[in-house]
There are 2 protein chains.
Amino acid sequence: MQIAIALYPHHTALDAIGPYQVFSYLPGAEVVVCAAAPGPLVDDRRGLTLEITHAFGDIEAPDVVIVPGGLIARALARRGDPIIDWIRDVHERTRFTTSVCTGALLLGAAGLLRGRRATTHWSSYDELRAYGAEPTAERVVDEGRILTAAGVSAGIDLALTLVGRLAGPEAAQAIQLGLEYDPQPPYDAGSPAKVSPELRELVRAVLTDGEDQYLGGTPA
Amino acid sequence: MQIAIALYPHHTALDAIGPYQVFSYLPGAEVVVCAAAPGPLVDDRRGLTLEITHAFGDIEAPDVVIVPGGLIARALARRGDPIIDWIRDVHERTRFTTSVCTGALLLGAAGLLRGRRATTHWSSYDELRAYGAEPTAERVVDEGRILTAAGVSAGIDLALTLVGRLAGPEAAQAIQLGLEYDPQPPYDAGSPAKVSPELRELVRAVLTDGEDQYLGGTPA
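Residues numbered from 1 in each chain as written. Chains lettered and ligands numbered in written order. Predicted model: local features only at pLDDT ≥ 70, side-chain atom pairs only at ≥ 80, totals over all residues. Heavy atoms only, no water.

1. Concerning the overall build of chain A
Counted only if it meets this: Here a helix means four or more residues in a row that DSSP labels H or I, a strand means two or more in a row labelled E, and each is numbered from the N terminus. Our radius of gyration looks at C-alpha atoms and nothing else; its globule reference is 2.2 Å times the residue count to the power 0.38. In what follows, residue pairs with any heavy atoms lying within 4.5 Å of each other are defined as contacts. For accessible areas, the Shrake-Rupley method is used with a probe of radius 1.4 Å. Any residue's cover is judged against the shown protein chains and nothing else. Note that His is not counted, nor are the chain ends; the positive residues are Lys and Arg, and the negative ones are Asp and Glu. For this purpose, a charge sits on NZ of Lys, CZ of Arg, CG of Asp or CD of Glu.
The secondary structure content of chain A amounts to eight helices and eleven strands. For 220 residues, the compact-globule formula gives about 17 Å, and the C-alpha radius of gyration of chain A, at 16 Å, lands near that figure. Seen along its three principal axes, the alpha-carbon backbone of chain A occupies a region of about 45 × 40 × 35 Å. Here the contacts in chain A between residues at least 6 apart in sequence split such that 64% fall between residues at least 24 apart. Carbon and sulfur atoms form 49% of the exposed surface of chain A, whose accessible area is close to 7,700 Å². Of the charged side chains in chain A, 18 are positive and 28 negative; the average position of the first set lies 6 Å away from that of the second.

2. Focus on the relation of the copies chain A and chain B
Put simply, the rule reads: Copy-to-copy superposition: least squares on the C-alpha atoms, limited to residues that have pLDDT of at least 70 in both copies.
Taken as rigid bodies, chain A and chain B are interconverted by a rotation of 180 degrees and an axial shift of 0.0 Å, the fit giving an RMSD of 0.0 Å. The superposition operator between the copies reduces to a two-fold rotation axis. Relative to the rotation axis, the C-alpha of leucine 50 of chain A is the closest in chain A, positioned 2.3 Å from it. Residue by residue, 100% of the interface of chain A is reproduced at the interface of chain B, so both copies engage with the same surface.

3. Describing the nonpolar core
Quick reminder of the rule: What makes a nonpolar core is a set of buried Ala, Val, Leu, Ile, Met, Phe, Trp, Tyr and Cys residues whose side-chain atoms join them at distances within 4.5 Å. Residue exposure (1.4 Å probe, protein chains only): buried if accessible area is under 20% of the type maximum, exposed if over 50%, otherwise partly exposed.
In this structure, Phe23 of chain A together with Phe23 of chain B are the most contacted members of the largest nonpolar core, which totals 101 residues. When residues no more than four places from it in sequence are discounted, the contact partners of phenylalanine 23 of chain B are Ile3, Ala29, Val31, Ile66, Ala159, Leu162, Val163 and Leu166 of chain B.

4. Digging into the pattern of salt bridges
Pairing between side chains becomes possible if they bear opposite charge and their charged atoms approach one another. All names here are of chain A. Here is the rule we go by: We define a salt bridge as a contact between a side-chain nitrogen of Lys or Arg and a carboxyl oxygen of Asp or Glu at a distance within 4 Å.
In the structure shown here, the tally under the stated rule is 22 salt bridges over all chains. Close ionic contact of aspartate 85 with arginine 88 constitutes a salt bridge, the shortest N to O distance being 3.1 Å. With aspartate 85 and arginine 88 both in helix α3 (residues 82-90) and three residues apart, the pair spans about one turn of that helix. Given a relative accessible area of 38%, arginine 88 falls into the partly exposed group.

5. Remarks on the confidence of the model for chain A
Put simply, the rule is: By definition, pLDDT measures how confident the predictor is in each residue, and it falls between 0 and 100.
When pLDDT is averaged across chain A, the result is 95; 95% of the residues are at 70 or more. This prediction of the complex comes with two scores: 0.96 for pTM and 0.96 for ipTM.

6. A word on unusual backbone geometry
Residue and element names in this part refer to chain B. With a phi angle near 60 degrees, cysteine 101 is a residue other than glycine that sits in the positive phi range. Inspection of the secondary structure assignment puts cysteine 101 in the loop between β7 (96-100) and α4 (103-109). Accessibility expressed as a relative area gives 5% for cysteine 101, which makes it buried. One non-glycine residue with positive phi stands out, namely glutamate 180, at about 45 degrees. Along the chain, glutamate 180 falls in the loop between α7 (169-178) and α8 (197-215). Look at glutamate 180 and you get buried, because its relative accessible area is 7%.

7. Observations concerning the packing of helix α1 (residues 13-23) of chain B against helix α6 (residues 154-167) of chain B
The packing of two helices is summarised by the inter-axis angle and the distance between the axes. Residue and element names in this part refer to chain B. Note the threshold: Axis definition: a line fitted to C-alpha atoms, limited for helices to the stretch in contact. Angles are taken between N-to-C directions and run from 0 to 180 degrees. Reported orientations rely on four angle classes, namely roughly parallel under 35 degrees, roughly antiparallel over 145, roughly perpendicular from 65 to 115, and oblique for the rest. By convention the crossing between two helices is left-handed if the near helix lies anticlockwise of the far one by an angle smaller than a right angle, and right-handed if it lies clockwise. Residue type decides the class: Asp, Glu, Lys and Arg count as charged, Ala, Val, Leu, Ile, Met, Phe, Trp, Tyr, Cys and Pro as nonpolar, and the leftover types, Gly among them, as polar.
It is the contact of α1 with α6, at a shortest axis distance of 8 Å, that shows an interaxial angle of 30 degrees. The angle between α1 and α6 falls in the class roughly parallel. In terms of crossing hand, the pair formed by α1 and α6 is right-handed. Along the contact surface, α1 presents Gly18, Pro19, Val22 and Phe23, while α6 presents Gly155, Ile156, Ala159, Leu160, Leu162, Val163 and Leu166. Of the residues contributing to the contact of α1 with α6, the split by class is nine nonpolar, two polar and no charged.

8. Remarks on the side chain of threonine 148 of chain A
Residue and element names in this part refer to chain A. Spelled out, the test is: What qualifies as a polar contact is a pair of N or O atoms within 3.5 Å, subject to a donor-acceptor requirement within protein and to the restriction that residues adjacent in sequence count only when both atoms come from side chains.
Position of threonine 148 relative to the elements: it lies in strand β11 (residues 146-149). At a separation of 2.9 Å, a polar atom in the side chain of threonine 148 contacts the main-chain amide nitrogen of threonine 119. Setting aside its immediate chain neighbours within four residues, threonine 148 contacts Ser99, Ala104, Leu107, Leu113, Ala118, Thr119, Arg139, Val140 and Val141.

9. Re the sheet that holds β11 of chain A
All names here are of chain A. Filter applied, for reference: DSSP bridges decide pairing: two strands pair if at least two such bridges lie between them.
With mixed pairing, seven strands are arranged side by side in an open sheet as β5-β2-β1-β6-β7-β11-β10. Bordering the open sheet on either side are β5 (54-55) and β10 (140-143), each of which pairs with just one other strand. Of the pairings in the sheet, the one linking strand β1 (residues 2-6) to strand β2 (residues 30-35) comprises five bridges and is parallel in character. Within β2, the residue paired with isoleucine 5 across the bridge is valine 33. Relative to strand β6 (residues 64-67), α3 is tilted by about 155 degrees, and along the sheet it contacts β1, β2, β6 and β7 (96-100). Relative to β7, helix α6 (residues 154-167) is tilted by about 165 degrees, and along the sheet it contacts β6, β7, β10 and β11.

10. Regarding the interface of chain A and chain B
What counts is decided by this rule: When two parts are brought into contact, each loses some accessible area as probed by a 1.4 Å sphere; the total of that loss over both is the buried area.
Listed per partner, the contact involves 63 residues of chain A and 63 residues of chain B. Across the chain A/chain B interface, buried area totals approximately 5,500 Å², and carbon plus sulfur atoms make up 63% of it. When the buried area of chain A at its contact with chain B is split by residue, Leu177, Glu180 and Tyr187 of chain A rank highest and sum to 15% of it. Between aspartate 182 of chain B and lysine 194 of chain A there is a salt bridge, with the nearest N and O atoms lying 2.8 Å from each other. At the junction of chain A and chain B, the tally comes to 38 residue pairs in polar contact (both at pLDDT 80 or more).

11. Some thoughts on the sheet that holds strand β11 (residues 146-149) of chain B
Residue and element names in this part refer to chain B. Read from one edge of the open sheet, seven strands run β5-β2-β1-β6-β7-β11-β10, paired in mixed fashion. If you trace the sheet from one side to the other, it starts and ends with β5 (54-55) and β10 (140-143), each paired once. The sheet strands contacting α1 are β1 (2-6), β2 (30-35), β6 (64-67) and β7, and the helix crosses β1 at an angle near 170 degrees.

12. Here we look at α3 of chain A
Residue and element names in this part refer to chain A. Condition: Throughout, the arc means the angular range of directions from the helix axis out to the C-beta atoms.
Inspection of α3 places Ile83, Ile84, Trp86, Ile87 and Val90 among the buried residues, and these make up the whole buried set. Across the axial projection of α3, the buried residues extend over an arc of 165 degrees, all falling on one side. On its buried face, α3 is in contact with β1, β2, β6, α2 (73-79), β7 and α4 (103-109).

13. Quick notes on the environment of alanine 35 of chain B
Structurally, alanine 35 of chain B is set in strand β2. For alanine 35 of chain B and histidine 54 of chain B, which are 19 residues apart along the polypeptide, the C-alpha to C-alpha distance reads 6.7 Å.

Structural data, given as structure tokens:
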């Protein structure tokens, strides 16, 4: 079984590594991290560089595709990017095509979400609607072959859900125990419904600034 | 403010990237990922390669040190490794010296945990005790300047705790919201107290096998 995590310059690292870590313990699964071209790939906070070994062209029939988000994802979805064509192509052969956070906008740009319920980072529901999806405030939205997860950390919940589907609940529970995923956040501020409007707008502004920094620059 | 995430070949990727992502949004903080030498560094599931730009020698006075765990960490703690000497040295100048998962064994080997409460991955309490610590089944154990977190995913909770300490609760809550960290695991199997003895022993065996594979081989 092949699990492909599909990246691009300025993805969000945790969107990718949460699912990577879960699937890395699935017996019989090969997890490949791929991008348009092999070589170094920097994340959207510019502090991490992953060395990519597989190009999209090397990954023709993955069983599962996971598309992480990133501060640049809205822009890529609007202006077009090689990952969008690759998603559209391999989706014909996957068992599950999935996204984390604003990775859903890339699924949307590939035409996969028209008329479907889907989720993304809470700050990007309007963009998701523009691709014909029905934005849904759930942690993981399951539309059969297509699953979408909420922002960043939701990729861990998505991956455990997928492992349960692919290998049964005991396999998923074993991995959850191995990763000691018994979350106890020190605050209860993880969803927009749980915080003040002021905090919500502050965070929205930071994320939008984060996006803007890539649009005028030269992505590495 | 400098946050140093200290790595070694065959660390666990999510132990590092959870805290990295949280701190990447802390205003005014520089997050550096360092190791004994610059160059490519493979994780303990061998599917990810990080390009390291900073050597330990370049990081002399970090404000915060975070030491991730890895399947090889027990062996490194026993046989010695450059990271142990570096931890012992910079701890004299840090504001917080912290670990995720079996990273605690490296703090232990550096002599930092003698007579202190500490935590680690649930499968490694005995090893932790061998370094003079008092193993404690809590998500994050706070001993003032030294904080230790439970297995793998607990690094996210540790990092939010630290941000609250360094920059106040509103900063931590803003980051939690930005990462949409409102966890909803599809199963409730994230701690050893929540699963059957059979599942617990199965997972312990997998993790021990995982460790053994490095001891005879040649770490990349």
